[in-house]
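# Notes for the structure review
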Amino acid sequence: MPRVDYALLNRQLASLLDTRDWLTNCAQTCAFIQHALDELNWVGFYLHRQPNQLCLGPFQGKPACHPIPFSKGVCGAAARQQATQRIDDVHTIADHIACDAASRSELVVPIMADSHLWGVLDLDSPQHGRFSQEDQAGIEAFVATFIRQTDLPHLIE
Ligand code: SME
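Residues numbered from 1 in each chain as written. Predicted model: local features only at pLDDT ≥ 70, side-chain atom pairs only at ≥ 80, totals over all residues. Heavy atoms only, no water.

### Brief notes about the overall build of the chain
Of regular secondary structure, the chain possesses 4 helices and 6 strands. Listing each helix as α and each strand as β along the chain from the N terminus yields α-α-β-β-β-α-β-β-β-α. Taking 15 Å as the expected radius of gyration for a compact globule of 157 residues, we find that the chain reaches 14 Å, a close match to that expectation. Summarising its shape, the C-alpha atoms of the chain cover approximately 40 × 40 × 25 Å along the three principal directions. Per-residue burial for the chain yields a buried fraction of 48% across its 157 residues. (Helix = DSSP H or I, 4+ residues; strand = E, 2+ residues; numbered from the N terminus. Rg over C-alpha atoms; globule rule 2.2 N^0.38 Å. Buried < 20%, exposed > 50% of the residue type's maximum accessible area, 1.4 Å probe, protein only.)

Next comes the structure, spelled out in structure tokens:
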């Protein structure tokens, strides 16, 4: 796979996110990533709208699991640990939540608003080991752009 120019993509994402609105920016961000990167079968947001639970937000791909408790899956681990999860083979993760049986590798980046977990961005791929450290750094930079250019109100009911 050719090397991806994450710096260029990040500048394009920054100019796409020209509203401060979180819903619009979530929708634009996952559509942008889905079209910019190869070998993805799902890209989307899970939002921290209920205590210790993630609620499905805007996404690209097949209908997905909802809700996801913090205690389960790769997304739950990202929320609990407030740390990126980069999984080469989701079959090795005992409590992985298989929304789409085609998914093989996964990258989940937490989205922090101040020191509060606002949500996570989840990417799935049908390819084993799809996400390198370079991809992780690139996607984390996308999330930093999203956070910088978006008003992130507390969504917890
Ligand atoms: N696989 C995730 C669940 C979300 S779907 O991939 C869209 C997990 O284990 O948390």
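### What about the environment of K62?
Tracing the backbone through its elements, the reader meets K62 in the loop between β2 (53-61) and β3 (68-69). It is 17 Å that separates the C-alpha atoms of K62 and Q28, two residues lying 34 residues apart in sequence. Excluding anything up to four places from it in sequence, K62 contacts N41, W42 and D100. (Contact = heavy atoms within 4.5 Å.)

### Remarks on empty space enclosed by the protein
Applying the stated criterion across every chain, the model contains 1 cavity of 30 Å³ or more. Taken as a whole, the largest cavity holds about 150 Å³ of empty space. I97, C99, E106, D122 and D124 are the residues nearest the centre of the largest cavity, which is lined by 15 residues in total. The set of elements that each furnish at least two residues to the lining of the largest cavity consists of β1 (42-50), α3 (73-81) and β6 (116-125). The dominant element in the lining of the largest cavity, judged by the number of residues it contributes, is α3, at 3 residues. Partitioned by chemical class, the residues of the lining of the largest cavity number 8 nonpolar, 3 polar and 4 charged. (1 Å grid on protein atoms, 1.4 Å probe; cavity = no way out; pocket = protein on both sides within 12 Å on 5 of 7 lines; lining within 4 Å. Points joined across faces, edges and corners; volume = space filled by probe spheres on them. Nonpolar A, V, L, I, M, F, W, Y, C, P; charged D, E, K, R; others polar.)

### Things to note about the UniProt feature "domain: GAF" (unreviewed entry) in the chain
The residues that UniProt annotates with the feature "domain: GAF" (unreviewed entry) are residues 21-157. Between the end C-alpha atoms of residues 21-157 there is a gap of 19 Å, over a span that is 29% helix and 31% strand. (UniProt positions renumbered as here; feature names shortened; annotations may be inferred.)

### Thoughts on unusual backbone geometry
Between H66 and the following residue, P67, the backbone shows a cis peptide bond with an omega angle of -10 degrees. Here P67 is to be found in the loop between β2 and β3. In this model, E39 sits at a positive phi of 55 degrees, which is unusual for a non-glycine residue. By secondary structure assignment, the location of E39 is in the loop between α2 (22-36) and β1. The exposure class assigned to E39 is partly exposed, which follows from its relative accessible area of 39%. For N52, which is not glycine, the phi dihedral falls at a positive 55 degrees. Relative to the assigned elements, N52 resides in the loop between β1 and β2.

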